[in-house]
Amino acid sequence: MIKNQANCSDLNEPDLITVTTALKKILSQIKPLHQHQRINLEQARGRTLSQSIIAPFNVPPHRNSAVDGYAINSTDLPKPDHLVELSIAGCAYAGQPFTDALAPGECIRIMTGAPVPEGLTIVIMQEQVEHFENHIRIDHNHRLHQNIRQAGEDIAQGSPVLLAGKLLTPADIGVLASLGLTEINVNRKLRIAIASTGDELHSLGSELPHGGIYDSNTHTLQASLDRPDITVVNLGILDDNPASLQHCFEESAQHYDLIISTGGVSVGDADHTREALRALGTVEFWKVAIKPGRPLAFGCVNKTPFFGLPGNPVAVLVTFYQFVLPAIDQLIGITDRPVCPTFTAISTEAIRKRPGRTEIQRGIISQDPNGHWQVKTTGQQGSGILRSMSLANAFIILAHNQGPVSAGDPVTVQPFSGLL
Ligand code: AMP
Ligand code: MG
């Protein structure tokens, strides 16, 4: 009788590690680059601050009106149940302050954003006064400081506004602009090399011979890495040849901060990536209890981290999001990025699942007529079926110890919108 060797569907292999352990091992190996550059604000979206920003002055710099109306002195308010008339001494526009002194019984017309003159402590919305040609009539129903934005109420001078490690969003760019900053210090761009391995692979534009397929993985990866903080170099297709893989990886380690290859990490006769990695450096692990994506090698060539992702196109994307993206964040030095939420949705169908590995299925989330989130799978979940990713708008994450899902059960989903 033939005794089965441990293979990819065996959940009891000793060197098979959980997703959590794999991620921990990766992050414990990766050191932030700590190299900075100075860039213009125009180039800052999607970059990460290398230095915290301390507000050089108050924003807004002056007290100003939050509404269109009239600025008055609180001593001119009438007694309860009385009315008073105030004469209009002038007008303050945003950008055109009113600077004359006011006598008792005088007010000014004021527009949103206009500085509130010294001594005036109440702004009344124009809808709440009776307006005559040169004066207004008001009642007593007004509070001190109402409708006045205080100096520094957005950002106080000397306060830390944005901290080092913040991935800059459009709102952050606006905040930096409001502080008058035209240049900022950010972490330098990450240089990443990507390559596909496989003798069956052909570049776009070439004729496909019998048995050949087009290389899609480097294109998926290149698109996934198309970000302002990354320079990606596509090394193209590498042969299933141990010597040429070694040569390419060794060379790349000298020029790039991270190397990502796909294919050749399993146990087939043409799978040489892992051996190349072992010959050049360290292999931290190469088998993770995740489906798809079990054969996944991580290690270092000299000091350069290396991901040997699986060849199957869906497994490439799943492992990229789960393992490579967090590693990239850590390398660049991103400690604060917009959250990528996971939440619970009701599965509209039964899903087969074995405890003992994390399964990441492709799903379509939608709201039922009552507004509750539900999810269905995209159908066939084979790791070579790239359309399952293209049709999906979310991952369905079935946890390591979870068993089968029945229709109507809650499952964890992660919308792609937070990942892309
Ligand atoms: P491997 O991990 O090298 O055994 O590849 C697993 C499967 O993924 C095989 O069917 C390969 O043909 C396919 N594959 C590997 N690399 C690519 C690629 N770059 N583009 C498309 N399919 C690929
Ligand atoms: Mg291969």
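Residues numbered from 1 in each chain as written. Chains lettered and ligands numbered in written order. Predicted model: local features only at pLDDT ≥ 70, side-chain atom pairs only at ≥ 80, totals over all residues. Heavy atoms only, no water.

A. Representation of the pairing of strand β13 (residues 190–197) in the model. Buried residues dominate β13, accounting for seven of its eight residues. Note: β13 against strand β16 (residues 230–238), eight bridges, orientation parallel. The residue of β16 that forms the bridge with Thr197 is Leu238. (Buried < 20%, exposed > 50% of the residue type's maximum accessible area, 1.4 Å probe, protein only. Helix = DSSP H or I, 4+ residues; strand = E, 2+ residues; numbered from the N terminus. Pairing = 2+ DSSP bridges.)

B. Region of the structure containing the packing of helix α3 (residues 217–224) against helix α6 (residues 313–332). Where α3 meets α6, the axes come as close as 10 Å, and the angle between the chain directions of the two elements is 25°. Compared by their axis directions, α3 and α6 come out roughly parallel. Classified by chirality, the crossing of α6 by α3 is right-handed. Residues Asn217, Thr220, Leu221 and Ser224 of α3 form the contact with α6, whose participating residues are Pro313, Val316, Leu317 and Phe320. Class assignment for the residues of the contact of α3 with α6 results in five nonpolar, three polar and no charged. (Axes fitted to C-alpha atoms, helices over the stretch in contact; angles between N-to-C directions. Parallel < 35°, antiparallel > 145°, perpendicular 65-115°, else oblique. Left-handed = near helix turned anticlockwise from the far one by under 90°. Contact = heavy atoms within 4.5 Å. Nonpolar A, V, L, I, M, F, W, Y, C, P; charged D, E, K, R; others polar.)

C. A look at the nonpolar core. If you look at the biggest cluster of nonpolar residues, it comprises 44 residues, and the most contacted ones within it are Ile260, Phe307 and Ile328. Only α1 (19–29), β13, β16, β17 (258–262), β20 (295–301), β21 (304–309), α6 and β25 (394–398) provide two or more residues apiece to this core. In terms of residue count, the dominant contributor to this core is α6 (13 residues). Not counting residues up to four positions away in its chain, the partners in contact with Phe307 are Ile26, Leu258, Ile259, Ile260, Ser261, Leu296, Ala297, Phe298, Phe323, Val324 and Ala327. Core analysis: the second largest hydrophobic core is formed by 16 residues, Ala253, Leu277, Val301 and Phe306 among them. (Core = buried A, V, L, I, M, F, W, Y, C linked by side-chain atoms within 4.5 Å.)

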